Amino acid sequence: MSAAETSRIQEYIGDPVSDAPAVDREKLEEIFQDIQADLRFDHELNGCLNCGICTATCPAAHYYDFSPREIVQLLWTENLEGIHDAMQEKIWSCAQCYTCAARCPFGNSPGGLVMLMRETAIKHGMESAKNVLRPFSRVMLKLISTGNQLSPDMITPDGFADWGPNVAKVDAPLELLRKAIPMPTLHTTKTAWEVNLKTSVELYTIWEETGVLDSLETIDENLFDVILDIMDEKRDDYEDWMDEQD
Ligand code: SF4
Ligand code: SF4
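A. Structural detail: the pattern of salt bridges. Under the definition given, this model contains 9 salt bridges. Among the salt bridges present, the one from Lys 130 reaches Glu 127, with a minimum N-O distance of 3.9 Å. Highlighted residues: Lys 130 and Glu 127, both in helix α10 (residues 127-133), separated by 3 residues, approximately one helical turn. Assessed through its relative accessible area of 21%, Lys 130 is described here as partly exposed.

B. Representation of the site of ligand 2 in the model. Taken together, 13 residues surround ligand 2, and among them Cys 58, Cys 94, Cys 97, Tyr 98 and Cys 100 come closest. Of all the secondary-structure elements, those providing two or more residues to the shell around ligand 2 are α5 (59-63) and α8 (99-103). Residues that form the shell around ligand 2 fall into these classes: 10 nonpolar, 3 polar and no charged.

C. Representation of the site of ligand 1 within the structure. Looking at ligand 1, the residues that line it are Cys 48, Leu 49, Asn 50, Cys 51, Gly 52, Ile 53, Cys 54, Arg 69, Val 72, Cys 104, Pro 105 and Asn 108. Contributions of two or more residues to the shell around ligand 1 are made by α4 (53-57) and α6 (68-76). Residue classes in the shell around ligand 1 are distributed as 8 nonpolar, 3 polar and 1 charged.

D. Up close: unusual backbone geometry. For Gln 96, which is not glycine, the phi dihedral falls at a positive 55 degrees. Secondary-structure assignment places Gln 96 in the loop between α7 (80-86) and α8.

Rules behind the numbers
Residues numbered from 1 in each chain as written. Chains lettered and ligands numbered in written order. Predicted model: local features only at pLDDT ≥ 70, side-chain atom pairs only at ≥ 80, totals over all residues. Heavy atoms only, no water. Salt bridge = Lys/Arg side-chain N within 4 Å of Asp/Glu carboxyl O. Helix = DSSP H or I, 4+ residues; strand = E, 2+ residues; numbered from the N terminus. Buried < 20%, exposed > 50% of the residue type's maximum accessible area, 1.4 Å probe, protein only. Near = heavy atom within 4 Å. Nonpolar A, V, L, I, M, F, W, Y, C, P; charged D, E, K, R; others polar.

The structure is reproduced here in structure tokens:
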């Protein structure tokens, strides 16, 4: 038997009972560097007393296997494997309420750090990010193409089964009811309010310049293609409208 086969030195120091494939050190470092390189990182992590006040006041920690103290400790001690591991599930439990940030004696923002980890998970196309965002593709389509997150025509008994009997309250002739609102911009049910072409086109530039579209392409290529078509169409409409003004 060769020395290599009998060596007791582990090549990968990870969870010995996990079936998950090992992630090489280079990749772990790249992920951490992406989190750390964000301008917000130094504002949101100033040290950690390990006091647990954040976890004691965190609503998500009451219901899930999640602790903001643990997240902060992983980042503060630069535990690369632990950070990667937390990005597979735990970070998606945070409700982004920022109670932790209001209470931390060190002025940390565990919720803000979770947000950086989520953005990095999306950037790296992690399966956890795809799985979490998949049910929201309808909302993302509406939000990115119109700037409105939810529109009256999306609130249907089928779409909101989790509302239980309360959904009956919105099962109403919305087209008619919206017409009764004094403000004309609210006379539509396709968006929460009418979005004019110029605003839409400006919004698309913001999505492009801030990297939102790149993130979307990493997470959901089909949705990205659909949104690109909508953007092209709206931009053509805007140019036609501008020509008409001339
Ligand atoms: S409250 Fe602040 S100092 Fe205390 S464990 Fe949480 S992050 Fe660390
Ligand atoms: S922002 Fe997240 S981590 Fe902070 S208290 Fe709210 S749920 Fe907990």
